[in-house]
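# Fold and contact review
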Amino acid sequence: MENFAHLASLVVALGFILGFIFGAVAHMSSFCTMGAVADAVNFGDWGRMRMWLLAIAVAMAGANALDWAGLVDLSRSAYVAERCPWVAHIVGGFLFGVGMTLASGCGSRSVVRAGGGNLKSLVVLVFLAVSADMTLRGLFAPARVEVLSAVAIYFDQGQDLPWVVATQLGVGRHGLQLWVTALIVGPLLLFVFRDRTFRASHEQVFGGVVIGLVIVAGWYVTGHIGFIAEDPETLQEAYLGSRTARPESLTYVGPVANTLEWLQFWTDKSSKLTFGVAVVAGTLLGSFAYAVLTRNFRWESFASAADTRNHIIGGILMGFGGVTAMGCTIGQGITGLSTLAAGSFLVFFSIIAGAAATLKVQYARMLKEA
């Protein structure tokens, strides 16, 4: 049992390191999914969107290579379950997109900005955490469980695309996995690197590659290093250090809520530090370290009451939307997509649609007021 406790601690420690790398690199490269959508919609600049897509491509290739080699079993993750609550994915993703636009950044970006001294992001994170908890098991939970998540599509084996294709063709998944992955990753990489300006932007290329590799490393840490074939207490396989008891990688909405809960119940012996909480802490400190070392740390606060209102509403919408959609722009938009889960694609496009629609409304309002 003591060895297993050490193994769980190792998973948590590695989660902190991965979070630290993510925080520093995201700060350095200005990796921001909301910013990626805003740049594309408002200015036709696809640089940060290409960086996001590059991270997705790297994560897809790496995660499926790990799964194909038998090092990680992605079928055990929550993303590829046979049940796909498509209404919850679409509504939750759309509301998350609206929220991240109002809050000037998604959950991960809010953590990164808070590390750089942005007090607005700290307020967003508190409201996001409370809203996420309310959606998991509080006031918002009935709407999520009994209405939005009640409508679902069921798959015979799993909802990841290799399983879907293999089921339709009547062949084995293992032989198709790398082909299906290549058919998605290949065009993504062609689109990303066809742009000369992006190829010349070494920071963005570096950011996309490293963030994608961090997601792959997260799968390896929780799905391989933290995996034991038989828990001495339950006599079943277990994933140590994971709050979900499944292999997982980086995501931010649930873990931000778990972090607030962990801080509130610090002395409660049943409250355990997990991989997700460690990632959040590492991201905050990684961003802070980079900001201090580059002398970019700046205190920043709200400009007006309207600015405060928008950020609070944005945090609440992200908490509700992220839990309902089972992930955020990182949790579904990279980690979930790395499993090639059908639901993750729904969430990804719904988040972009929500953000784009909100940006259009904000622009129209600005023109009206001008």
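Throughout this description, residue numbers start from 1 for each chain and increase along the sequence as written. Reporting of local features is limited, given that this is a predicted model, to residues whose pLDDT is at least 70; pairs of side-chain atoms are given and counted only at 80 or more, and all residues count toward the totals for whole chains, interfaces and linings. Only hydrogens and water are removed before side-chain values are computed, so all heavy atoms of the structure are retained for them.

## Concerning the packing of helix H3 (residues 47-68) against helix H16 (residues 342-369)
What counts, and what does not: For helices, the fitted axis covers only the stretch in contact; all axes are lines through C-alpha atoms, and the angles between them, taken along N-to-C directions, range from 0 to 180 degrees. Starting at the N terminus, helices and strands are each numbered in turn, a helix being any DSSP run of H or I of at least four residues and a strand any DSSP run of E of at least two. Roughly parallel means an angle under 35 degrees; roughly antiparallel, over 145; roughly perpendicular, 65 to 115; everything else is oblique. Two residues qualify as a contact provided that any one of their heavy atoms is within 4.5 Å of a heavy atom in the partner residue. We call Asp, Glu, Lys and Arg charged. Ala, Val, Leu, Ile, Met, Phe, Trp, Tyr, Cys and Pro are nonpolar, and the rest, Gly among them, are polar.
At their nearest, the axes of H3 and H16 sit 15 Å apart, and the two run at 175 degrees to each other. In terms of their interaxial angle, H3 and H16 are classed as roughly antiparallel. Of H16, the residues touching H3 (which contributes Trp52, Leu53, Ile56 and Met60) are Phe345, Phe348 and Ile352. Among the residues forming the contact of H3 with H16, the class breakdown is seven nonpolar, no polar and no charged.

## Looking at unusual backbone geometry
As a reminder of what qualifies: Burial here depends on accessible area, computed with a 1.4 Å probe over protein chains only, as a share of the maximum for the residue type. Under 20% is buried, over 50% is exposed, and the range in between is partly exposed.
The phi angle at serine 30 is positive, at roughly 55 degrees, despite the residue not being glycine. Of note, serine 30 is situated in the loop between helix H1 (2-29) and helix H2 (33-43). For serine 30, a relative accessible area of 32% corresponds to the partly exposed category. Positive phi, normally seen in glycine, also occurs at alanine 245, with a value near 60 degrees. By the secondary structure assignment, alanine 245 is in the loop between strand S4 (238-239) and helix H12 (253-264). Taking relative accessible area as the criterion, alanine 245 reaches 53% and is therefore assigned exposed.

## A word on the nonpolar core
Going by this rule: The criterion is simple. A nonpolar core is a set of buried Ala, Val, Leu, Ile, Met, Phe, Trp, Tyr and Cys residues joined through side-chain atoms within 4.5 Å.
In terms of nonpolar packing, the biggest core is built from 81 residues, with Trp52 and Ile334 touching the most fellow members. Setting aside chain neighbours within four positions, we find isoleucine 334 in contact with Phe31, Trp52, Ala55, Ile56, Ala59, Ile211, Ile215 and Thr329.

Function-wise, these values are silent; they only describe arrangement.
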